[in-house]
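Secondary and tertiary structure notes
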Amino acid sequence: MSGLNGRRILVVEDEALIAMLVEDALLEAGAHVLGPAATVEEAMALFDSEHPEAAVLDINLAGQASIPVADRLVAHAIPFVVATGYGAAGLPERHRNVPVLAKPYDPHDLIAALERVCR
């Protein structure tokens, strides 16, 4: 059984195909998927209404930085994984300790990274 079983995971991803792959992997791991949110505004609304336990966060949402979402997650001590094509270089210094998965990534690597941060 996965360490994500029953956990509420916020997915913040603007690319529909990637969002579907992430959602499928999370559902297969037993997680409850919140989203996907394709904008910072959607992510913040889901955060406020659904109270996630962890998150998968793309940093670049159609040219809009999702750093405000990362800041909110940190402020509420909610673990998250960054999944991005920009690597850690796209993160501000205050978020450099967050696990980063470089796109393209294997869905199993995503699940493993989330399980680690959710311990």
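Up top you'll find the structure we're talking about.
Residues numbered from 1 in each chain as written. Predicted model: local features only at pLDDT ≥ 70, side-chain atom pairs only at ≥ 80, totals over all residues. Heavy atoms only, no water.

The subject of this paragraph is the nonpolar core. With 22 residues, the main nonpolar core has Val12, Leu57, Val69, Leu73 and Phe80 as its most contacted residues. Those elements giving two or more residues to this core turn out to be β1 (8-12), β2 (32-37), α2 (40-50), β3 (54-57), α3 (67-75) and β6 (80-84). The element best represented in this core is α2, accounting for five residues. Contact partners of valine 12, with chain neighbours within four places excluded, come to Ala37, Ala43, Val56, Leu57, Asp58, Leu61 and Val69. Counting residues in each nonpolar core, the second largest holds 21 residues, with Ala29, Ala83, Leu101 and Ile111 among its members. (Core = buried A, V, L, I, M, F, W, Y, C linked by side-chain atoms within 4.5 Å. Buried < 20%, exposed > 50% of the residue type's maximum accessible area, 1.4 Å probe, protein only. Helix = DSSP H or I, 4+ residues; strand = E, 2+ residues; numbered from the N terminus. Contact = heavy atoms within 4.5 Å.)

Moving on to α2. Within the sequence span of α2, burial applies to Val40, Ala43, Met44, Leu46 and Phe47. Down the axis of α2, the smallest arc covering the buried residues is 165 degrees, so these residues share one side. Elements in contact with the buried residues of α2: β1, β2, β4 (60-61), β5 (64-65) and α3. Of the residues one or two after α2, histidine 51 is the one with positive phi, at around 50 degrees. (Arc of directions from axis to C-beta.)

Turning our eyes to something else, we now look at a nonpolar patch on the surface. Judged by side-chain polarity, Leu17, Met20 and Leu21 come together as a nonpolar surface patch covering roughly 320 Å² of accessible area. Within the element layout of this structure, leucine 17 appears in helix α1 (residues 16-28). Its relative accessible area of 59% is what places leucine 17 among the exposed residues. (Patch = residues over 30% accessible without salt bridge, like charges linked within 9 Å, V, L, I, M, F, W, Y side chains within 5 Å. Areas by Shrake-Rupley, 256 points an atom, 1.4 Å probe, with all protein chains shown as cover. Salt bridge = Lys/Arg side-chain N within 4 Å of Asp/Glu carboxyl O.)

By themselves, these observations are geometric and do not establish any function.
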